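Structure at a glance
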Amino acid sequence: MAEAWVVVGGGTAGCVVAARLSEDPDRHVVLVEAGPDLVAGAVPEEIDADNFFGAADLPSRNDVEVLATRTAAAAARPYRRGRGLGGSSVVNAMVALRGDSNLYRSWGWDDVDAAWSAMALPEELALENELGPIDRALVAANRNARRVPLTRRDGRRITSAEAYLWPARLRANLAIRADSTVERVVLDGRRAVGVVLSTGEEIPAERVVLSAGAIRTPALLLRSGFDTPGIGLHLQDHPSAPLTLALRDDVAADPAGLVIGTFLERDGVQFLPMNHL
């Protein structure tokens, strides 16, 4: 009898987890996602494009309920996260920066190169003719500036759902439950034995994987009664500092062009020019 697994969250990571787990026919995997399904042939035009701003304004694709305080002095405002199969890979900037492999190795990740080679998301460099005025200014100012790799193919955004989940959807041992919110994990003592949906329906499982994101996963753990100290505390996003530039009168921004087409890494800091907002 197949071992029953439930994966909570069909976002950027959840799509990968469900696809990889279901490669083993001895597992039956149920992927539960609170947002809408995104299937081949029914992807909204705003997502199936060469840029990222259109999808960011689709309420059905955004988790707009989360408010966050960026600094101690700032007021809380919406913290946008992806919603639906593909998660934040549906609404992000498509910038495919891998991070520092030497730093990963210092953490003990000794197979980092093998992990990158197994990645299904494509990496496509921004084209020279797609670069905007801030991109070109950065390239002219620093010889180490490079065109940014984007998670797209032939000018189309490729989400985690398309890269990992679409090829796996027809597997008999994989079930996808979109538009289904998990209310809590069912516990037998300290062992997870399933999940309960907001409708009251229970999905039993021998293994439960929580991949509901950095915001929703700790909230789900707390709702479920997990008492491990520190859950949900001290969550911090990576630091960033925006600098607003005024274009000269003889320089025009192209609102239809790439928002980010180049990047520069220096002393652990990433410079990401944005050609327009």
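As a reminder, the structure under discussion sits directly above these lines.
Below: a short report on this structure. (Residues numbered from 1 in each chain as written. Predicted model: local features only at pLDDT ≥ 70, side-chain atom pairs only at ≥ 80, totals over all residues. Heavy atoms only, no water.)

Description of the overall build of the chain
Rule in force here: Helix and strand definitions here come from DSSP, where helices need a minimum of 4 consecutive H or I residues and strands a minimum of 2 consecutive E residues; each element is numbered from the N-terminal end. The classification of residues rests on relative accessible area computed with a 1.4 Å probe and restricted to protein chains. Under 20% of the type maximum is buried, over 50% is exposed, and intermediate values are partly exposed. Only the protein chains shown count as cover for residues, and the accessible areas themselves come from Shrake-Rupley with a 1.4 Å probe. His residues and chain termini do not enter the charge count, which takes Lys and Arg as positive and Asp and Glu as negative. By convention, the charge on Lys lies at NZ, on Arg at CZ, on Asp at CG and on Glu at CD.
Looking only at helices and strands, the chain features six helices and 16 strands. Across the 277 residues in the chain, those meeting the buried criterion constitute 38%. When the accessible surface of the chain is totalled, it reaches about 16100 Å², and 53% of it is carbon and sulfur. Between the mean site of the 29 positive side-chain charges and the mean site of the 37 negative ones, the chain shows a separation of 2 Å.

Some remarks on the sheet that holds strand β13 (residues 202-204)
What counts is decided by this rule: Strand pairing follows a simple DSSP-based rule, namely that at least 2 bridges must link the two strands. Only C-alpha atoms enter the line fits that serve as axes; for helices the fit covers just the stretch in contact. Angles between N-to-C directions range over 0 to 180 degrees.
The sheet built from three strands is open, its strands ordered β11-β12-β13 with antiparallel pairing. The sheet is open, and its two borders are formed by β11 (182-188) and β13, each paired with just one other strand. Between one strand and the next, the sheet's axes are offset by a mean angle of 30°, whatever the strand orientation. Of the pairings in the sheet, the one linking strand β12 (residues 191-197) to β13 comprises three bridges and is antiparallel in character.

Describing the packing of aromatic side chains
Defined as follows: Geometry of aromatic contacts follows a simple scheme: Phe, Tyr and Trp rings, the Trp one being its six-membered ring, pair when their centres are within 6.5 Å, and the pair is stacked under 30 degrees between planes, edge-to-face over 60, tilted otherwise.
Following the criterion strictly, the structure yields two aromatic pairs and no others. Between Y104 and W109, the ring centres sit 5.0 Å apart and the planes meet at 50°, which makes this aromatic pair tilted. Here the aromatic residues Y104, W107 and W109 are joined through ring pairs into a cluster of three or more.

Observations regarding the pairing of strand β2 (residues 27-32)
With six bridges connecting them, strand β1 (residues 3-8) and β2 associate as parallel partners. Looking at β2, one finds that E3 is bridged to R27. As paired elements, β2 and strand β10 (residues 174-177) share four bridges and run parallel to each other. Among the inter-strand pairings, V30 is bridged to a residue of β10, identified as A175.

A closer look at the environment of V251
With respect to the helices and strands, the residue V251 is situated in the loop between α6 (213-223) and β15 (262-266). Once the C-alpha coordinates of V251 and V30 are considered, the two residues, 221 residues apart in sequence, prove to be 52 Å apart.

Here we look at the sheet that holds strand β14 (residues 207-210)
Just so we agree on the cut-off: The contact criterion used throughout is that any non-hydrogen atoms of two residues lie within 4.5 Å.
Taken in spatial order, the four strands of this open sheet run β10-β2-β1-β14, and their pairing is parallel. This sheet does not close on itself; its edge strands, each paired only once, are β10 and β14. Averaged over all pairs of adjacent strands, the angle between their axes in this sheet comes to 15°, without regard to strand direction. With respect to the sheet, helix α1 (residues 12-21) is in contact with β1, β2, β10 and β14, its orientation differing from that of β2 by roughly 160°.

Thoughts on the environment of R177
The condition that has to hold: Nitrogen and oxygen atoms within 3.5 Å of one another constitute a polar contact, given that in protein one can donate a hydrogen and the other can accept it, and given that sequence-neighbouring residues count only through two side-chain atoms.
When you line up the elements, R177 lands in strand β10. Judged by its relative accessible area of 27%, R177 is partly exposed. R177 sits 39 residues away from L138 along the chain, and the two C-alpha atoms are 45 Å apart. Ignoring sequence-local partners within four residues, the contact set of R177 consists of V30, L31, V32, E33, L197, E201 and I203. Side chain to side chain, R177 and E201 meet in a polar contact 2.8 Å long.

A look at unusual backbone geometry
Negative phi characterises most residues that are not glycine, and trans characterises most peptide bonds. In this structure, M94 is a non-glycine residue whose phi angle is positive, near 65°. Topologically, M94 is positioned in the loop between β4 (77-78) and α2 (101-106). Given the relative accessible area of 1%, M94 is considered buried.

Structural notes on the pattern of salt bridges
Spelled out, the test is: The working definition used for a salt bridge is a side-chain nitrogen of Lys or Arg within 4 Å of a carboxyl oxygen of Asp or Glu.
All chains considered together, the criterion is met by 13 salt bridges. Residues R207 and E3 are paired through a salt bridge, measuring 3.5 Å at the closest nitrogen-oxygen approach. Remark: E3 occurs in strand β1 and R207 occurs in strand β14; sequence separation between them is 204 residues. Overall, the relative accessible area of 40% leaves R207 in the partly exposed class. Of the residues examined, E3 reaches a relative accessible area of 25% and is grouped as partly exposed. The residue D37 makes a salt bridge to R169 at a minimum N-O spacing of 2.8 Å.

Comments concerning helix α4 (residues 133-141)
Short version of the rule: As used here, the arc is the angular range of directions from the helix axis to the C-beta atoms.
Within α4, burial applies to I134, D135 and L138. Down the axis of α4, the smallest arc covering the buried residues is 105°, so these residues share one side. Packed against the buried residues of α4 are β15.

These figures capture arrangement, not role.
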